[in-house]
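One-letter residues, chain by chain:
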Amino acid sequence: MKDQRPPSVDALARSLESSGLPHPLRVEVARHAIAEDRVQQVEGLARERRRRLLIPVINGTGTLLHTNLGRSPVTVNSPAAYANVELDLTTGQRGSRQRAIGDLADPAFGAEDAIVVNNCAAALLLVLAALAPGRGAAVSRGELVEIGGAFRVPDVMRQSGAQLIEVGTTNRTRISDFRTAATATDMALVLSVHQSNYRISGFSEQTTVAELATLGLPVVADIGSGLLDAACPWLQGPPPAWLQGEPAARQTIESGADLVIFSGDKLLGGPQAGIIAGRADLVRTCAGHPLARALRPGGLVLDALQDTLLSYLRREGDAIPFWRMAALPVAHVLARAEAIAAAVGSDRVSTISTEAVPGGGTLPGRTIPSAGLRLKGDHTTALRNNEPVPIIARLHEGHTIVDVRTVQPEQDTVVADALTSALS
Ligand SMILES: *Cc1c(COP(=O)(O)O)cnc(C)c1O
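Keep in mind the model is a prediction, meaning the values are calculated, not measured. (Residues numbered from 1 in each chain as written. Predicted model: local features only at pLDDT ≥ 70, side-chain atom pairs only at ≥ 80, totals over all residues. Heavy atoms only, no water.)

Enquirer: What is the right way to look at the overall build of the protein chain in this model?
Expert: For the protein chain, the helix and strand inventory stands at 16 helices and 14 strands. Here the C-alpha coordinates of the protein chain stretch approximately 90 × 50 × 45 Å along the principal axes. Residue pairs in contact within the protein chain that sit at least 24 positions apart in sequence constitute 71% of those at least 6 positions apart. Element-wise, carbon and sulfur atoms account for 52% of the exposed surface of the protein chain, whose accessible area totals about 20400 Å². (Helix = DSSP H or I, 4+ residues; strand = E, 2+ residues; numbered from the N terminus. Contact = heavy atoms within 4.5 Å. Areas by Shrake-Rupley, 256 points an atom, 1.4 Å probe, with all protein chains shown as cover.)

Enquirer: Can you walk me through the site of the ligand in this structure?
Expert: The full set of residues close to the ligand is Arg 71, Asn 119, Cys 120, Ala 121, Ile 147, Phe 151, His 194, Ser 196, Asp 222, Gly 224, Ser 263 and Lys 266. For the ligand, an oxygen atom lies 2.9 Å from a polar atom in the backbone of Cys 120. Those elements giving two or more residues to the shell around the ligand turn out to be helix H5 (120-131) and strand E7 (219-224). Across the shell around the ligand, the residue classes break down as four nonpolar, five polar and three charged. (Near = heavy atom within 4 Å. Polar contact = N/O pair within 3.5 Å; in protein donor to acceptor, adjacent residues only side chain to side chain. Nonpolar A, V, L, I, M, F, W, Y, C, P; charged D, E, K, R; others polar.)

Enquirer: I keep staring at the environment of Val 190 and nothing clicks. Help me out?
Expert: Within the secondary structure layout, Val 190 lies in strand E6 (residues 187-193). A relative accessible area of 0% means that Val 190 is categorised as buried. It is 4.8 Å that separates the C-alpha atoms of Val 190 and Ala 138, two residues lying 52 residues apart in sequence. (Buried < 20%, exposed > 50% of the residue type's maximum accessible area, 1.4 Å probe, protein only.)

Enquirer: Would you mind showing me how to read the nonpolar core here?
Expert: One finds Phe 109, Leu 228, Phe 262, Ile 275 and Trp 323 to be the most contacted residues of the largest nonpolar core, which totals 55 residues. Considering each element in turn, this core owes the most residues, five residues, to helix H4 (residues 99-109). Of the domains in this structure, domain 2 (99-316) and domain 3 (328-423) are the two that each give at least three residues to this core. (Core = buried A, V, L, I, M, F, W, Y, C linked by side-chain atoms within 4.5 Å. Domains from an automatic or database assignment.)

Enquirer: Looking at this model, I keep getting lost on the sheet that holds E6. Mind explaining?
Expert: Strand pairing in a sheet is mediated by backbone hydrogen bonds. Such pairs are either parallel or antiparallel. With respect to topology, seven strands assemble into an open sheet ordered E3-E9-E8-E7-E6-E4-E5, the strand pairing being mixed. What marks the edges here is a single partner per strand, and that holds for strand E3 (113-117) and strand E5 (163-167). With direction set aside, neighbouring strand axes in the sheet form an average angle of 25°. Here helix H6 (residues 153-160) sits on the sheet in contact with strand E4 (136-140), E5 and E6, set at roughly 150° to E6. (Pairing = 2+ DSSP bridges. Axes fitted to C-alpha atoms, helices over the stretch in contact; angles between N-to-C directions.)

Enquirer: I tried to follow the pattern of salt bridges on my own but got confused; where do I start?
Expert: If charged atoms from side chains of opposite charge come close, those side chains can pair. Across all of its chains, the model carries 19 salt bridges by this definition. Between Asp 103 and Arg 99 there is a salt bridge, and its shortest N-O distance comes to 3.1 Å. Residue Asp 103 and its partner Arg 99 are both found in helix H4; the two are separated by four residues, about one turn of the helix. Among the residues examined, Arg 99 registers a relative accessible area of 37% and is labelled partly exposed. (Salt bridge = Lys/Arg side-chain N within 4 Å of Asp/Glu carboxyl O.)

Enquirer: Can you help me understand the packing of helix H14 (residues 330-344) against helix H16 (residues 412-423) in this one?
Expert: Axis separation between H14 and H16 bottoms out at 9 Å; the angle between their running directions is 40°. Relative to H16, the element H14 lies oblique. As for the relative orientation of H14 and H16, their crossing is right-handed in sense. Between H14 and H16, the residues in contact are Arg 336, Ile 340, Ala 343 and Val 344 and Asp 412, Val 415, Ala 416, Leu 419, Thr 420 and Leu 423, respectively. Residue composition of the contact of H14 with H16, grouped by class: seven nonpolar, one polar and two charged. (Parallel < 35°, antiparallel > 145°, perpendicular 65-115°, else oblique. Left-handed = near helix turned anticlockwise from the far one by under 90°.)

Enquirer: Looking at this structure, I do not really get H5. What am I missing?
Expert: Three- or four-residue spacings in an α-helix give side chains the same orientation, since the helix completes a turn every 3.6 residues. Under the 1.5 Å per step criterion, the end-to-end length of H5 is 16 Å for 12 residues, consistent within 8% with the ideal 16 Å. Burial analysis of H5 places 11 of its 12 residues in the buried class, which makes it a mostly covered element. Restricting attention to buried positions, one finds in H5 the residues Cys 120, Ala 122, Ala 123, Leu 124, Leu 125, Leu 126, Val 127, Leu 128, Ala 129, Ala 130 and Leu 131. The N-cap of H5, judged by a side-chain oxygen 3.3 Å from the amide nitrogen of Ala 121 a few residues on, is Asn 119. (Expected span 1.5 Å × (residues − 1).)

Enquirer: What is the right way to look at empty space enclosed by the protein in this model?
Expert: Empty space left among the atoms is revealed by rolling a probe the size of a water molecule over them. Here the structure, examined in full by the defined rule, presents one cavity of 30 Å³ or more. When its volume is computed, the largest cavity comes out at roughly 30 Å³. Forming the walls of the largest cavity are Ile 101, Ala 105, Phe 109, Ala 114, Leu 268, Ile 275, Leu 305 and Leu 309. Ranked by the residues each element gives to the lining of the largest cavity, the list is headed by H4, at three residues. Taken together, the residues of the lining of the largest cavity sort by class into eight nonpolar, no polar and no charged. (1 Å grid on protein atoms, 1.4 Å probe; cavity = no way out; pocket = protein on both sides within 12 Å on 5 of 7 lines; lining within 4 Å. Points joined across faces, edges and corners; volume = space filled by probe spheres on them.)

Enquirer: Would you mind showing me how to read the packing of aromatic side chains here?
Expert: Given two aromatic rings, one states the distance between the centres and the angle between the planes to describe the pair. According to the stated counting rule, one finds six aromatic pairs in the structure shown. Here Trp 234 and Trp 323 contribute two aromatic rings whose centre-to-centre distance is 5.5 Å and whose plane-to-plane angle is 65°, an arrangement assigned as edge-to-face. A residue pair is termed long-range when its members are at least 10 positions apart, and Trp 234 in the loop between E7 and helix H9 (249-254) and Trp 323 in helix H13 (residues 321-327) qualify at 89 residues. Relative accessible area serves as the criterion here: at 5%, Trp 234 is assigned to the buried category. Arranged with centres 5.0 Å apart and planes meeting at 80°, the rings of Phe 322 and Trp 323 form a pair that is edge-to-face. By relative accessible area, which is 1% here, Trp 323 ends up buried. Each member of the aromatic cluster is reached from another via a ring pair, and the members are Trp 234, Trp 242, Tyr 312, Phe 322 and Trp 323. The ring of Phe 203 carries the charged tip of Arg 172 above its face, separated from the ring centre by 4.0 Å. (Phe/Tyr/Trp six-rings, centres within 6.5 Å; stacked < 30°, edge-to-face > 60°. Lys NZ or Arg CZ within 6 Å of the ring centre and 35° of its normal.)

So this is what it looks like as structure tokens:
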């Protein structure tokens, strides 16, 4: 007679050694399997547990900045090492963790100084708290936007302690509206927010940064995505057509913004961060506010951001993963898709022209010509369950699309193998 009692938690946990999970997590999985009477499926449960950790995935969606996949991919220098995060190597004295990036702001995009916080929402919060405490910050009603992930400009403003002064109407705001508001209120600054993820068309008008600069108050421009320079000198050719109209840090400062704020992980192509850049005195006031300490990033982020800025200064767009993917000629993407299709060698897979998108709540409606693979039928779940690297694909009219522009070239063989087993 076979023993009908369930196996011990310990024995079951030990049987999961090859899962790579640490012992306490294997025990958790084993307990769960026994309690749910799913001992037969314990290996699957361990796999599920591993997949609730952060693990690398292959982005086959064609959305370059995919918020669910961590926006822009970044290279992180891995060996354990100390760095002069807060040590001035010249004097041997304590320095500022903001110095290295601050000193790159001028050569990289023409800002006198800059500091880094956790994200652009934190940058807006800090700027308002430091520059308009208990006073008014004026914004056009057409720019009181929600960016996604519940980032709402009016809500952030309320938390900052600044008072929102709404100016103009949803579709039209003129500089005269700001002038009128400035005489009637205690206006500490003017905020211009890029509409990022939506567009007002038709009978509409927004004031430009250059016009706002004539008010004689500090102008803060939230440009959102962190395009550094509209001329894109880090690319081989001219700026791509899909970038048209996106505000850039250098030109926004040139047109009169006292501060620009932007994300590190959108079009900048760096780690998650928020950058506050511009007039040195204003940047210093932000850095000196008590919230700056709560919002400051760690050395890993500063290091990755510095790498990104150095790549811009070397004009090496290809060293920045976002720009490498974005600038790849469509013929190259198609050639890779063809090679993958040939490796799979099935009549149920074919190459297809696609439209990739910048993503990350930037440039709504803009597409980047791309190419990928089309599998007959819905294989998105099988691909997402691919081991050890999940592949995130798109479903289009009942068929599976893997856009190759967002796949790193060294992952092409992984994709080919995964497609082969999904179809088998
Ligand atoms: C994306 C965006 C933000 C929020 O940036 P996070 O870095 O995600 O906090 C703020 N403002 C604008 C205009 C944006 O596009």
